[in-house]
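Notes for the structure review
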Amino acid sequence: MKKSTIISLAAFCAVVLIAAVAGCNSSRNSPSGAAPETATGGGPALSRSVLLSGLKNPWDLAFTPDGAMLFTEKCRGLSVRRPDGSVQRLFGTSGAAVVAADLFCQGQSGMHGVAVDPDFNANRYVYVYMASKLTRPETNRVVRLRVDRGYTTVSDRRDIVADIPFKSKANRWGGAGTHSGGRIRFSPYDRYLYVTTGDNHNGHLPQDLTRLGGKVLRIDRNGVAAPGNNTPIGGDPRIFTYGHRNVQGIAFRPDTGRPFISEHGPGHSDEVTPLSAGGNGGWDPKPEPGVECMNDYCGYTSNKRDGTPTPMTDLAKFPDALRPSWNNNGKSEGMSPCVFLSGSQWKAWDGRLAVGFLRGERIEILELDSSGKTIGTGTVPGLPSERIRTLVQGTDGALYVSTDGGEIWRLAPRP
Ligand SMILES: [Ca+2]
């Protein structure tokens, strides 16, 4: 069922005015962090339409040049919405055109990211990030597929990364399948594929340069390490940055092409971080000498003798760590995707970073200075409260959003 709503800034201001008169101070609508709440001023009015509904945990989406929309559902796999609006299941569980017998769904994991090759018109390649039981223990994989011209099926599967760690057993901190990361994006600037991974509730993974958990990888379409990753000596050359917790979003800043990630924090901070090749995000949840943590994971407690929470960016231990652009002011609200808005249709939001929240159930706009530091924030007004899983700017310039509630929205700036 299709429904449309029109959101106007005037209506938003009226809502704010009513709330102020009533003495309402909704924390949901109070952007977080130290930056002032200025970033939504001057933005466009939006019209929201529900493109698809009734999906099961839609996780990611991507557009092909001809306007087809590929989308994943965590426990079903990859589907396409063709330009004529028809939907076809391409690759996944029973009922898909090609059944992936190794795909499985457990806890947070299953099929996550989807990306379209920069040379799609020539090679028809698409990529998904998925939990696979082809090996024991199970792993997360980046799988390349070729989709046919009619978007009826896929072929030529090639697993270009097969060794991203998967949390195969529950422990004190959560069930199997936790913290798998899973966003995959080609940079339009360097045309390499960036892959975000998670720490699996394993205290030793993020700083271990021989394993791929808690990292951002940068590879070519065959899974080979990209040149210029600047991986520390002895590390896996596919590693672009390390020392991350559970990276859920990655986007490339217009003009500079610099990658920014959004990272799901442990309760005391989500972070947005601009990346540099070879950088350390500063997350190190293993116990320091003299400290004990259940299962050797100090992600929710302290890895320090003084008992302070394990920092998302430990500048005492790693003075050269990548500095976050923004953090969530002492709390985690399940930050998930991010995307840069680009184009004059976004008015004052052109070039700003949109970030989505799961538990926080909103989209925020971050205004960045030239160095990448956040200097203003604001909440996109007038949207329903939903867990935001995906943000993608479509080839038509609109913002597409998937929600854990099973919908894909189109948010179109009104001229
Ligand atoms: Ca960090």
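Residues numbered from 1 in each chain as written. Predicted model: local features only at pLDDT ≥ 70, side-chain atom pairs only at ≥ 80, totals over all residues.

When helices and strands are counted, the chain shows two helices and 27 strands. Relative to a compact globule of 415 residues, whose C-alpha radius of gyration would be 22 Å, the chain shows 20 Å and is just as compact. Expressed as lengths along the three principal axes of its C-alpha atoms, the size of the chain is roughly 55 × 55 × 35 Å. Taking all 415 residues of the chain together, the buried fraction comes to 51%. Across the chain, contacts joining residues at least 24 apart in sequence account for 59% of those joining residues at least 6 apart. (Helix = DSSP H or I, 4+ residues; strand = E, 2+ residues; numbered from the N terminus. Rg over C-alpha atoms; globule rule 2.2 N^0.38 Å. Buried ≥ 20, exposed ≤ 12 C-beta atoms within 10 Å, placed from the backbone. Contact = placed C-beta atoms within 7 Å.)

So, on to the pairing of strand 23 (residues 363-368). Of all the six residues making up strand 23, six are buried; the element is thus mostly covered by neighbouring parts of the structure. Residues Ile363, Ile365 and Glu367 point to one face of strand 23 and Glu364, Leu366 and Leu368 to the other, with burial holding for every one of them. The hairpin formed by strand 22 (residues 353-357) and strand 23 contains five residues between the paired strands, and Glu361 there has a positive phi angle of roughly 45°. Remark: five residues form the turn of the hairpin made by strand 23 and strand 24 (residues 374-379), two consecutive strands paired antiparallel; Gly372 in that turn has positive phi of roughly 100°. (Pairing = 2+ DSSP bridges.)

Attention shifts here to the sheet that holds strand 22. If you trace the four strands from one edge of the open sheet to the other, you get 21-22-23-24, paired in antiparallel fashion. Looking along the sheet, the strands with just one partner apiece sit at the ends: strand 21 (335-340) and strand 24. Taking each pair of neighbouring strands and ignoring which way they run, the sheet shows an average axis angle of 25°. Pairing between strand 22 and strand 23: four bridges, direction antiparallel. Its bridge partner lying in strand 23, Gly356 is registered against Ile363. (Axes fitted to C-alpha atoms, helices over the stretch in contact; angles between N-to-C directions.)

Quick look at the confidence of the model for the chain now. For the chain, the mean per-residue pLDDT works out to 91, and 92% of the residues sit at or above 70. Under a pLDDT of 50 for its full length, residues 1-33 has, in the predicted model, 37 contacts with residues more than four places off or in other chains. (pLDDT = per-residue confidence, 0-100.)

Time to look at the pairing of strand 16 (residues 247-252). Regular strands place their side chains on alternate faces of the sheet. Of all six residues in strand 16, six are buried, a share of seventy percent or more. Linking strand 16 back to strand 17 (residues 259-263) in an antiparallel pair, the connection comprises six residues, with Asp255 at a positive phi of about 80°.

Let us now look at the sheet that holds strand 20 (residues 326-327). Whenever strands of a sheet pair, they do so through backbone hydrogen bonds, lying parallel or antiparallel. Within the open sheet, the four strands sit side by side as 16-17-18-20. Their pairing is antiparallel. Of all strands in the sheet, those with a lone pairing partner are strand 16 and strand 20, marking the two edges. Sheet topology note: the strand 17/strand 18 (residues 271-274) ladder contains four bridges and is antiparallel. By the bridge assignment for strand 18, Glu263 is matched with Glu271.

Side chains of a nonpolar character, in soluble globular proteins, are inclined to be buried together. Within the largest apolar cluster, 89 residues are counted, with the highest numbers of intra-cluster contacts made by Leu70, Val114, Tyr127, Leu353 and Ala354. Per-element tally for this core: the top contributor is strand 9 (residues 125-132), with seven residues. Dropping the residues within four chain positions of it, Val114 is found in contact with Asp60, Leu61, Ala62, Leu70, Phe71, Thr72, Leu78, Val126, Tyr127 and Val128. (Core = buried A, V, L, I, M, F, W, Y, C linked by C-beta atoms within 7 Å.)

Within the fold, Gly343 resides in the loop between strand 21 and strand 22. Each C-alpha atom of the pair Gly343 and Pro254 lies 9.7 Å from the other, and the pair is 89 residues apart in sequence. Leaving out residues up to four positions away in the same chain, Gly343 has contacts with Asp350 and Gly397.

Bringing unusual backbone geometry into the picture now. A cis geometry characterises the amide bond from Arg136 onward to Pro137, with omega recorded as -5°. One can find Pro137 in the loop between strand 9 and strand 10 (139-147). Despite not being glycine, Asn57 shows a phi value in the positive range, around 50°. Here Asn57 lies in the loop between strand 2 (46-52) and strand 3 (58-63).

Along the chain, Phe120 falls in helix 2 (residues 120-123). Exposure remark for Phe120: the 19 C-beta atoms within 10 Å place this residue in the partly exposed category. Separated by 32 residues in the primary sequence, Phe120 and Thr152 have C-alpha atoms spaced 16 Å apart. The residues contacting Phe120, other than those within four sequence positions of it, are Thr64, Pro65 and Tyr125.

In this structure, Thr256 sits in the loop between strand 16 and strand 17. A tally of 11 C-beta atoms within 10 Å means that Thr256 is categorised as exposed.

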